[in-house]
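The lines below spell out each chain.
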Amino acid sequence: MSLGLKRGTVQLEPHDKQWDETAIQTIKTLKSILGDDAIDIQHIGSTAIPAIKAKPIIDIVVEVTDFERIMLHNEQLQKEGIFYRGSDVEYQILYVMGDMEKDIRTHHIHVVKWNGTEWKNYIHFRDCLNANKNIALQYERVKEELESKYADDRVAYTNGKQEMIDIILNGK
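Since the model is a prediction, treat every value here as computed from it, not as a measurement.

Caption draft 1: Representation of the overall build of the chain within the structure. Along its length, the chain carries six helices and six strands. Element order for the chain, N to C, with α for helix and β for strand: β-α-β-β-α-α-β-β-β-α-α-α. A compact globule built from 172 residues would reach a C-alpha radius of gyration of about 16 Å, and the chain, at 15 Å, matches this within 12%. Viewed in the frame of its principal axes, the chain has a C-alpha envelope of about 40 × 35 × 30 Å. Taken across its 172 residues, the chain has 45% of its residues classed as buried. Taking the intrachain contacts of the chain between residues at least 6 apart in sequence as the baseline, contacts between residues at least 24 apart amount to 62%. Here the chain has roughly 9400 Å² of accessible surface; of this, 47% comes from carbon and sulfur atoms. Once the 22 positive and 28 negative side-chain charges of the chain are each reduced to a mean point, those two points are 3 Å apart.

Here it is in structure tokens:
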């Protein structure tokens with residue numbers, strides 16, 4: 001199984017069933033540390049969509065009522081290789097896993113507010129693509145085009161996907 005990319009780079013790979021197993025193990029670890037401070041934890045992103053290629057980085061979303069309660073677990077999370085990275089996206093905090101020395105990321109863990117727009121969008125997007133193979137394949141084509149242009153510019157790659165993501169989320 002291939003897992004992880006150098007930060008800032010883009011490389012799509014065919015779906016790997018082991019990504020699901022890795023996500024399940026990560027969710028178990030998070031649940032054991034966060035306990036009742038996490039309302040729900042789910043595997044999201046393209047690695048959760050078997051029909052399409054994905055960057056080999058596991059995306060997990062954690063639904064919480066209080067960001068500050070989660071921050072109390074930072075020391076214990078770090079002992080498990082889960083590192084706090086801040087809040088550069090509004091209404092979220094980010095944790096990462098991987099080889100920090102080599103600047104390789106294997107997991108992005110997005111902590112969002114309970115029942116908030118971000119949670120609903122992450123879950124709806126994943127569920128929509130898993131339920132609609134044609135839409136999933138259209139999304140994959142967009143990702144492949146962007147990968148060919150922006151293999152060393154993940155920000156441009158991510159920004160390039162946004163229009164298609166918005167179309168899917170808005171059901172148009």
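Caption draft 2: Structural detail: the pairing of strand β4 (residues 83-86). By the bridge criterion, three bridges tie β4 to strand β5 (residues 92-99) in an arrangement that is antiparallel. Note that in β5 the partner of Tyr84 across the bridge is Tyr95. Hairpin connection of β4 to β5: five residues between the antiparallel strands, including Tyr91 at a positive phi of 70°.

Caption draft 3: Representation of the pattern of salt bridges. Enumeration according to the criterion identifies six salt bridges in this entry. Arg105 is the partner of Asp103 in a salt bridge, and the nearest nitrogen-oxygen pair spans 3.3 Å. Taking relative accessible area as the criterion, Arg105 reaches 5% and is therefore assigned buried. Among the ionic pairs, Arg126 bridges to Asp127, the shortest N-O distance being 2.9 Å. Since its relative accessible area comes to 38%, Asp127 is described here as partly exposed.

Caption draft 4: Representation of helix α4 (residues 117-131). Compared with an ideal rise of 1.5 Å per residue, which puts 15 residues at 21 Å, α4 spans 21 Å between its outermost C-alpha atoms and is within 8% of the ideal. Restricting attention to buried positions, one finds in α4 the residues Glu118, Trp119, Ile123, Phe125, Arg126, Cys128 and Leu129. The inward-facing, buried residues of α4 abut β2 (40-44), β3 (58-64), β5, β6 (104-113), α5 (133-149) and α6 (154-169).

Rules used in this analysis
Residues numbered from 1 in each chain as written. Predicted model: local features only at pLDDT ≥ 70, side-chain atom pairs only at ≥ 80, totals over all residues. Heavy atoms only, no water. Helix = DSSP H or I, 4+ residues; strand = E, 2+ residues; numbered from the N terminus. Rg over C-alpha atoms; globule rule 2.2 N^0.38 Å. Buried < 20%, exposed > 50% of the residue type's maximum accessible area, 1.4 Å probe, protein only. Contact = heavy atoms within 4.5 Å. Areas by Shrake-Rupley, 256 points an atom, 1.4 Å probe, with all protein chains shown as cover. Lys, Arg positive; Asp, Glu negative; His and termini not counted. Charge placed at Lys NZ, Arg CZ, Asp CG, Glu CD. Pairing = 2+ DSSP bridges. Salt bridge = Lys/Arg side-chain N within 4 Å of Asp/Glu carboxyl O. Expected span 1.5 Å × (residues − 1).

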